[in-house]
Amino acid sequence: MDKLDNKVTSAFEGKVVRKDLLHRIKKGTNVPTFVLEFLLARYCASDEPEEIQAGMEAVLETLNDNYVRPNEANAAQSRVATKGRHRFIDKVHVNYVEKDRRHWAALENFDSRRVAIGEKFYRDNERLLQGGLWAEVTIAYNDIEEDDYAFFVEELRPIQLSRFDFERYCESSQDFDRDEWLDVILRSVGLEPRELSQRVKFHFIARLAPLVESNFNFIELGPRGTGKSYFYSEFTPYSTLISGGQATKATLFYNVQRRKIGLVGFWDTVAFDEVGGIKIKDPDTIQIMKDFMANGRFSRGVEVIAQASMAYVGNLDLSVEQIVNSEVHDLFQPLPKEFDLAIQDRFACYLPGWELPKNSSEFLTDHYGFITDYLAEAFHYQFKHTNRYEEVSSRIRLGDAVEGRDEKGIKKMVCAFLKILHPHGRPNDAEFDEYVAYAVEQRRRIKEQMNKRKTDDEFALINLSYYRSDGQEVVVYCPESKDALATQEPSRRNIHTEAEEYESLKPERQLEVENENASAGEKSGEDRGSVQADTANDSAAVEKHFTIQYGDTGYSYESILLPYLKGARRVEIDDPYIRVNHQVHNFVRFCEAVLKAPTIRSIVLTTSYDAETKIKEISEKLDELKQSLLELDVELKVHVNENLHDREIRIDNGWIIKIGRGLDFYQKPDLWYGIGSHDLSMRPCLETKVDIYQNDG
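Criteria and cut-off values
- Residues numbered from 1 in each chain as written.
- Predicted model: local features only at pLDDT ≥ 70, side-chain atom pairs only at ≥ 80, totals over all residues.
- Heavy atoms only, no water.
- Helix = DSSP H or I, 4+ residues; strand = E, 2+ residues; numbered from the N terminus.
- Contact = heavy atoms within 4.5 Å.
- Areas by Shrake-Rupley, 256 points an atom, 1.4 Å probe, with all protein chains shown as cover.
- Lys, Arg positive; Asp, Glu negative; His and termini not counted.
- Charge placed at Lys NZ, Arg CZ, Asp CG, Glu CD.
- Buried < 20%, exposed > 50% of the residue type's maximum accessible area, 1.4 Å probe, protein only.
- Pairing = 2+ DSSP bridges.
- Axes fitted to C-alpha atoms, helices over the stretch in contact; angles between N-to-C directions.
- Expected span 1.5 Å × (residues − 1).
- Arc of directions from axis to C-beta.
- Phe/Tyr/Trp six-rings, centres within 6.5 Å; stacked < 30°, edge-to-face > 60°.
- Lys NZ or Arg CZ within 6 Å of the ring centre and 35° of its normal.
- Salt bridge = Lys/Arg side-chain N within 4 Å of Asp/Glu carboxyl O.
- Core = buried A, V, L, I, M, F, W, Y, C linked by side-chain atoms within 4.5 Å.
- Parallel < 35°, antiparallel > 145°, perpendicular 65-115°, else oblique.
- Left-handed = near helix turned anticlockwise from the far one by under 90°.
- Patch = residues over 30% accessible without salt bridge, like charges linked within 9 Å, V, L, I, M, F, W, Y side chains within 5 Å.
- Polar contact = N/O pair within 3.5 Å; in protein donor to acceptor, adjacent residues only side chain to side chain.

Draft legend 1. Spotlight on the overall build of the chain. The helix and strand inventory of the chain stands at 25 helices and 25 strands. Expressed along its principal axes, the backbone C-alpha trace of the chain runs to roughly 90 × 85 × 45 Å. In the chain, the share of contacts with a sequence separation of at least 24, taken over all contacts with a separation of at least 6, comes to 73%. On the chain, roughly 33500 Å² of surface is accessible, and the fraction owed to carbon and sulfur atoms is 46%. Across the chain, the centroid of the 91 positively charged side chains sits 2 Å from that of the 120 negatively charged ones.

Dropping the structure here:
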């Protein structure tokens, strides 16, 4: 133990743990960090090697006996039913179910959503009702057949803190100067500060900024293997990490059909890993994201206000030196094309990930740091209940080049540093100047890249500055681009010269240029639904009447439907034959085709059943489809009409499509693993007539 160890163990007795023990045990388990540290604090609260070794064995034994892995849920439930009771380590949620008029507990890895629980448990542990709580929980088996539940909570002991004393946290932190407290925070996240420069220390503190400052927009791009996503996936239970995939407005912001707020309403920080791989197909998602990043609010039929910060992390494939000296590339290159200048301008901090060291054991600490859950609680409290913006505004002086969004981003960055490094009070002038200089640099990095992309001088004021406490103005530069002419003075296209060149062209050539530009504009504006109809028919939305001959290929639901879905919000389909498996599969494919139109919000199916139809089985399949569509903010309604015979598709923009055989106009494949078994456009058809016309009404 060094001097800082003695100091922190004395001031925060019972709230700290030796971090090298965590590193040793973490490598062999897939358990959240704060759960491991809870067990380490219980069994390894000693400096004696023998006691520590015995404690480590006790931790591993506890995990082996009590931690439920997601693929072991059935075995865990069987163990309770056989033994009568068993103690588990799991995350417990408690939800009030209005239909049942009672509370039910839900255990994540035990995989049961209907566990009976007594009032005393959620009364004494409020977080059970607010996002859930990791706990040691004894689940017992209920033998009474008349009851509508098989399991109930017999005992519950929180692993996460059920109460947090912020005043005590602030009071104890006063015993440390700024640099000591900075080192304590770094050791708490597992790093050894003696191996890091002051600048790199500040980079790691900046990674924590979205966890303490609400509505803080953060981006870090850099090489692989620097631990960019750890802070949002392992460090705190108040952050969620989205790893690639599709980001929808229903998932992120608000699901209109369910009337339920998305991730931004439940988490302090919503982080996007591998941001370059995010797929955002609906332009509405980007517009809502812009509104939310600007002021923490958006409207989707209802006005929604939320505090979540947004963090984006990803990889740079080119060297930074190449990028800053290139006239073509910029440091925002990995972002999806939908992340335009308006999104970029809303970032408060661009952390230079290329300056952080790669993950290595030499940077890991073997000293004491806060139990992760304790520090996460401190950050969560500050995120929800403290505001340092007025304090920063009263002290900071920024130069003339600093514009509106620059000022807001810089101030919020300084606020985050004050919350993390000075929870108990005010920094001195020298420390405050350090934070301002650092925050100005992070904002300048954003401004430089936008200026490089813009063809005019909208973002040309890149020489951001601040006034030190002694009154001297300081212009701040980014070290990687200070001497890069391509970044400091990017070339501009002269729009006036282009106009003069256009005027000098012959009239017929001017017409060709206009047509080329129009075609390019149409191509760039394609939305989801850009699937091309591989048929001999014209894809324009015009009235059509044709026959699909027996054995024809090249017809898919997309090729027939898509030209007529422009601006549509509701599609109604009458088809009496959605009765057997392959017909339900056809309907799923039909829904997938409809979803290529970004404006669709409702699909209505009217069908019928006969005596041989397995109604329960078909209903379960359609219920699965209904839930899947809800996640994409599309409502499916299913009606039954026993007298239904006609087949028809009605679109609320006025178009009607009649296919004589309904959706089932494909031949059954001879080989289920042959060509055409999955791509319907390559599958031979049955003969059917198709009539497409507009409703006169």
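There's plenty left to go through after this.
Draft legend 2. Structural view of unusual backbone geometry. For Asn215, which is not glycine, the phi torsion reads 50° and is therefore positive. Looking at the secondary structure, you find Asn215 in the loop between helix H10 (209-212) and strand E7 (217-222). The phi torsion at Glu274 lies on the positive side, around 50°, for a residue other than glycine. Relative to the helices and strands, Glu274 is located in the loop between strand E11 (269-273) and helix H13 (283-295). On the basis of relative accessible area, Glu274 is assigned to the partly exposed category, the value being 39%.

Draft legend 3. Representation of the sheet that holds strand E14 (residues 309-315) within the structure. The sheet built from five strands is open, its strands ordered E8-E11-E14-E7-E15 with parallel pairing. Both outer strands of the open sheet, strand E8 (239-243) and strand E15 (349-352), are each paired with one neighbouring strand and no more. For this sheet, the mean inter-axis angle between neighbouring strands, taken without regard to orientation, is 20°. Strands E7, E11 and E14 of the sheet are contacted by H13, whose axis makes an angle of about 115° with E14.

Draft legend 4. Summary view of the sheet that holds strand E4 (residues 112-116). Taken in spatial order, the five strands of this closed barrel run E2-E3-E4-E6-E5, and their pairing is mixed. The sheet shows a mean angle of 60° between the axes of neighbouring strands, taken without regard to direction. Where strand E5 (residues 133-141) lies against strand E6 (residues 151-158), seven bridges are found, and the strand directions are antiparallel. Counterpart to Thr138 in the pairing with E6 is Glu155. Where helix H3 (residues 33-43) meets the sheet, its contacts fall on strand E2 (85-97), E5 and E6, and the angle it forms with E5 comes to roughly 80°.

Draft legend 5. Quick peek at helix H4 (residues 49-66). Here H4 contains 18 residues, and its C-alpha end-to-end distance of 25 Å stays within 8% of the 26 Å for a straight helix at 1.5 Å per residue. What H4 keeps buried is the set Ile52, Gly55, Met56, Ala58, Val59, Thr62, Leu63 and Asn66. Along H4, the residues classed as buried sweep out an arc of 165° about the axis, all on the same side. The exposed set on the far side of H4, more than 90 degrees from its buried face, consists of Pro49, Glu50, Glu61 and Asn64. Looking at the packing, one finds that the buried side of H4 touches strand E1 (16-18), helix H2 (19-26), H3 and E2.

Draft legend 6. The arrangement of the packing of aromatic side chains in detail. Summed over all chains, the structure comprises 46 aromatic pairs. Taking the centre distance of 5.2 Å and the plane angle of 50° together, the rings of Phe88 and Phe110 count as tilted. Residue Phe88 is found in strand E2, and its partner Phe110 is found in the loop between strand E3 (102-107) and E4; the two are separated by 22 residues along the sequence. Accessibility assignment for this pair places Phe88 and Phe110 in one class, buried. Seen from the ring of Phe432, Arg395 lies directly overhead, with NZ or CZ sitting 4.4 Å from the centre.

Draft legend 7. Here's a closer look at the pattern of salt bridges. All chains considered together, the criterion is met by 48 salt bridges. Between Arg650 and Glu572 there is a salt bridge whose closest N-O contact spans 3.0 Å. Here Arg650, found in strand E23 (residues 648-651), pairs with Glu572, found in strand E20 (residues 570-574); they are 78 residues apart in sequence, far enough to count as distant.

Draft legend 8. Just the nonpolar core, in detail. Ranked by size, the top nonpolar core spans 91 residues in total, and within it Phe12 and Tyr169 carry the most contacts. At nine residues, the largest contribution of residues to this core is made by helix H18 (residues 404-421). Discounting residues that sit within four places of it in the chain, Phe12 has contacts with Tyr169, Ser172, Ser173, Phe176, Trp181, Phe370 and Tyr374. The next biggest cluster of nonpolar side chains, apart from the first, holds 43 residues, and it includes Ile560, Tyr609, Leu629 and Ile692.

Draft legend 9. View of the packing of H18 against helix H19 (residues 429-453). In the contact formed by H18 and H19, the axes pass within 9 Å of each other and the chain directions differ by 135°. Taken together, H18 and H19 sit at an angle that is classed as oblique. Crossing handedness for the pair H18 and H19: right-handed. Residues Arg405, Asp406, Ile410, Met413, Val414, Phe417, Leu418 and Leu421 of H18 pack against Phe432, Tyr435, Val436, Tyr438, Ala439, Val440, Arg443 and Lys447 of H19.

Draft legend 10. Looking closely at helix H16 (residues 372-385). Between the first and last C-alpha of H16 there are 20 Å, a value that for 14 residues agrees with the 20 Å anticipated at 1.5 Å per step. Where burial is concerned, most of H16 is hidden: eleven out of the 14 residues are buried. The complete set of buried residues in H16 reads Thr372, Asp373, Tyr374, Leu375, Ala376, Glu377, Ala378, Phe379, His380, Gln382 and Phe383.

Draft legend 11. How the structure looks around the environment of Tyr232. On the secondary structure map, Tyr232 appears in helix H11 (residues 230-233). Linking Tyr232 and Ala311, residues 79 residues apart in sequence, is a C-alpha distance of 8.7 Å. When near neighbours in sequence (up to four residues on either side) are disregarded, Tyr232 contacts Arg207, Pro210, Leu211, Phe218, Ser239, Thr240, Leu241, Thr269, Ala271, Ala311 and Val313.

Draft legend 12. Quick peek at a negative patch on the surface. Among the surface-exposed residues, Asp47, Glu48, Glu50 and Glu51 lie close enough to one another that they form a single negatively charged patch. On the basis of relative accessible area, Glu51 is assigned to the partly exposed category, the value being 45%.

Draft legend 13. Seen up close, the environment of Arg661. When you line up the elements, Arg661 lands in the loop between strand E24 (655-659) and strand E25 (688-694). A residue is classified by how much of its surface remains accessible, and Arg661, at 38% relative accessible area, is partly exposed.

Draft legend 14. Up close: the environment of His422. Assignment of secondary structure puts His422 in the loop between H18 and H19. By relative accessible area, which is 4% here, His422 ends up buried. Residues His422 and Arg178, 244 residues apart in the sequence, show an inter-C-alpha distance of 7.3 Å. When sequence neighbours within four positions are dropped, the list of residues in contact with His422 reads Arg178, Arg388, Phe417, Pro427, Glu431 and Tyr435. At a separation of 2.6 Å, a polar atom in the side chain of His422 contacts the side chain of Tyr435.

Draft legend 15. Fine view of the packing of helix H24 (residues 581-594) against helix H25 (residues 615-631). Put simply, H24 and H25 touch, their axes get as near as 11 Å, and they point 15° apart. Taken together, the axes of H24 and H25 are roughly parallel relative to one another. Crossing of H24 over H25 shows right-handed handedness. Contacts between H24 and H25 involve Asn581, Val584, Phe587, Val588 and Cys591 from the first element and Glu617, Ile618, Lys621, Leu622, Leu625 and Leu629 from the second.

Draft legend 16. Expanded view of the side chain of Glu213. Considering the arrangement of structural elements, one finds Glu213 in the loop between H10 and E7. Residue class for Glu213 comes out buried when judged on its relative accessible area of 5%. One polar contact links Glu213 to Lys419, side chain to side chain, over a distance of 3.1 Å. Ignoring anything within four residues of it in the chain, the contact list for Glu213 reads Ser309, Phe383, Lys412, Cys415, Ala416 and Lys419.

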